[in-house]
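Chain and residue survey
Below, each chain spelled out in residue letters.
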Amino acid sequence: MTRIAAVCGVLPPHRYRQGELAAGLAVLRGGSGDERALSERFFAGAGVESRRLAFPLECYGGFDGFGQANDAWLEAASELALRAAESVLAAAGMAAEQVDAVVSTTVTGIAVPSLEARIASRLGLREDVRRVPLFGLGCAGGAGGLAVVDDLLTGRHSAGAALLLATELCSLTLQRTDTSPANLLATALFGDGAGALLAVGDEHPAATAAAGPTVVATRSRLYPGTERLLGWQVGDSGFGILLGPELPELVRLHVGEEVASFLAAHDLKPGDVGSWVCHPGGPRVLEVLGEELGLSERALAPSRESLARCGNLSSASVLHILRDVIDQGPPPGSFGLMLALGPGFASELVLLRW
């Protein structure tokens, strides 16, 4: 089995309280009094207390079009990804040249060559490192990326080590002229951050000493007919959010049954899972997950606390939450479940065991 050796989360330096962001973005956006009032309601109900931005808030009015925003994303995302990678390697006590594969995921900017290639020499990765860049999994990218890491380490790299990087600068997708409810909600929820995870195969010398959980199983699921409910509408101004109001009901319709089926395949029920690493898609999504799975407030506390502390970090959120759960010290032998939802509409599930 794949063993997780270390997990780290990093955030950019510019921290703002939710009220500061609401006021500052209202000035950037302009708009009518009704639009400002609606925006303020979304900000107040998002479950977010503070967020980090890649740049000072006053810089965002100066990004003229998608090209400038993406150039800024390339600069800041490369530095944040490097910080995350260096942090997790240090935590695991491993040198970069010992990494055999690197999986990187993002959905908030476009980089060709991809982010892991841009930082490879600075980080010290080998020239023959196996690279797997992922784009388009959105908020499911952290869990989906871990599933890819598991595939690599249970296949050709069973004696190897793999690095997962999730880097998201959601602020640089800001659409100042879009006053739709979907965009106002997204502006109230998403923050900037990166996460990194280092894992080893079961034949790696460090496998028995690694303090993190093992990956027991993974499952990816696409739900047909939902392609237009969550994702990007790409235009001249960049990434415009697609966020259907029916998303919580889709979670109610599909995800509870999916989780129950996945766990049943391993003779488990939701009540047998001691640690929940749920992507914080928003307060309503977490509420529906809790209702459908019969979860206590304690089970969802790591997700709600992460949302409050730094907002929805898209693919990076589950790595921040997993780090927090590991720090709590789950009992040996207990199970954990990582669950994330993304464009498609899709779910990614990872069963863990400590």
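No experiment lies behind these values; they were computed from the predicted model shown.

What follows deals with the sheet that holds strand β1 (residues 2-10). Overall, mixed pairing links the nine strands, which are arranged β5-β4-β6-β7-β1-β8-β13-β12-β11 in an open sheet. Where the open sheet ends on each side, the last strands, each with one partner, are β5 (130-135) and β11 (273-278). Sheet twist, expressed as the average angle between the axes of neighbouring strands with direction ignored, equals 20°. Pairing between strand β8 (residues 214-222) and strand β13 (residues 346-353): eight bridges, direction antiparallel. Residue pairing in the sheet places Thr214 in a bridge with Arg353 of β13.

The next subject is the UniProt feature "active site" (unreviewed entry) in the protein. Within this structure's numbering, the places UniProt gives as "active site" (unreviewed entry) are Cys139. For Cys139, the position within the fold is in the loop between β5 and α5 (141-153). Discounting residues that sit within four places of it in the chain, Cys139 has contacts with Phe190, His279, Asn312, Ser314, Ser315, Ala340, Leu341, Gly342 and Pro343.

Let us now look at the pattern of salt bridges. Going through the model one piece at a time under the given rule, you end up with 14 salt bridges. Residue Arg221 pairs with Glu258 through a salt bridge whose shortest N-O separation is 3.0 Å. Within this pair, whereas Arg221 is found in strand β8, its partner Glu258 is found in helix α7 (residues 247-264), the two being separated by 37 residues in sequence. Overall, Arg221 belongs to the partly exposed group, its relative accessible area being 35%. Residues joined in a network through salt bridges with shared partners are Glu249, Arg252, Arg284, Glu287, Glu291 and Glu292.

Right, let's talk about the side chain of Ser39 for a bit. Locating Ser39 in the fold gives a position in helix α2 (residues 33-44). The contacts of Ser39, once residues within four sequence positions are left out, are Arg29 and Leu184.

What follows concerns the domain arrangement of the protein. When the parts come together, some accessible area is lost, and that loss is often what is quoted as the size of the interface. Assigned domains within the protein: domain 1 (2-209) and domain 2 (214-353). The interface of domain 1 with domain 2 comprises 54 residues on the first partner and 39 residues on the second. Together domain 1 and domain 2 conceal approximately 3,600 Å² of surface at their shared face, both sides included; 67% is due to carbon and sulfur atoms. For the interface between domain 1 and domain 2, the tally reads zero salt bridges. The tally of links from domain 1 across to domain 2 stands at 15 residue pairs in polar contact (both at pLDDT 80 or more).

The next subject is the packing of α2 against helix α6 (residues 181-189). Remark: α2 packs on α6, axes separated minimally by 8 Å, with the N-to-C direction vectors making an angle of 45°. It follows from the interaxial angle that α2 and α6 lie oblique. The handedness of the crossing between α2 and α6 comes out as right-handed. In this structure, α2 contributes Glu35, Leu38, Ser39, Phe42 and Phe43 to the contact, and α6 contributes Pro181, Leu184, Leu185, Thr187 and Ala188.

This part takes up the environment of Ala147. With respect to the helices, strands and loops of the structure, Ala147 is situated in helix α5. Linking Ala147 and Thr218, residues 71 residues apart in sequence, is a C-alpha distance of 5.9 Å.

Okay, the pairing of strand β12 (residues 335-342) next. The element β12 is extensively covered by neighbouring structure, given that eight of its eight residues are classed as buried. Residues Phe335, Leu337, Leu339 and Leu341 point to one face of β12 and Gly336, Met338, Ala340 and Gly342 to the other, with burial holding for every one of them. In this sheet, β13 lies alongside β12 in antiparallel orientation, the contact comprising eight bridges. Within β13, the residue paired with Ala340 across the bridge is Glu348. Here β12 folds back onto β13 in antiparallel fashion, the turn holding three residues, of which Gly344 has a positive phi close to 150°.

Take the side chain of Ser78 next. If you trace the backbone, Ser78 turns up in helix α3 (residues 65-92). Within polar-contact distance, the side chain of Ser78 engages the backbone oxygen of Leu74 at 2.7 Å. Not counting chain neighbours up to four residues away, the residues in contact with Ser78 comprise Trp73, Leu115, Arg118 and Ile119.

Calculation criteria
Residues numbered from 1 in each chain as written. Predicted model: local features only at pLDDT ≥ 70, side-chain atom pairs only at ≥ 80, totals over all residues. Heavy atoms only, no water. Pairing = 2+ DSSP bridges. Helix = DSSP H or I, 4+ residues; strand = E, 2+ residues; numbered from the N terminus. Axes fitted to C-alpha atoms, helices over the stretch in contact; angles between N-to-C directions. UniProt positions renumbered as here; feature names shortened; annotations may be inferred. Contact = heavy atoms within 4.5 Å. Salt bridge = Lys/Arg side-chain N within 4 Å of Asp/Glu carboxyl O. Buried < 20%, exposed > 50% of the residue type's maximum accessible area, 1.4 Å probe, protein only. Domains from an automatic or database assignment. Buried area = accessible area lost by both parts, 1.4 Å probe. Polar contact = N/O pair within 3.5 Å; in protein donor to acceptor, adjacent residues only side chain to side chain. Parallel < 35°, antiparallel > 145°, perpendicular 65-115°, else oblique. Left-handed = near helix turned anticlockwise from the far one by under 90°.

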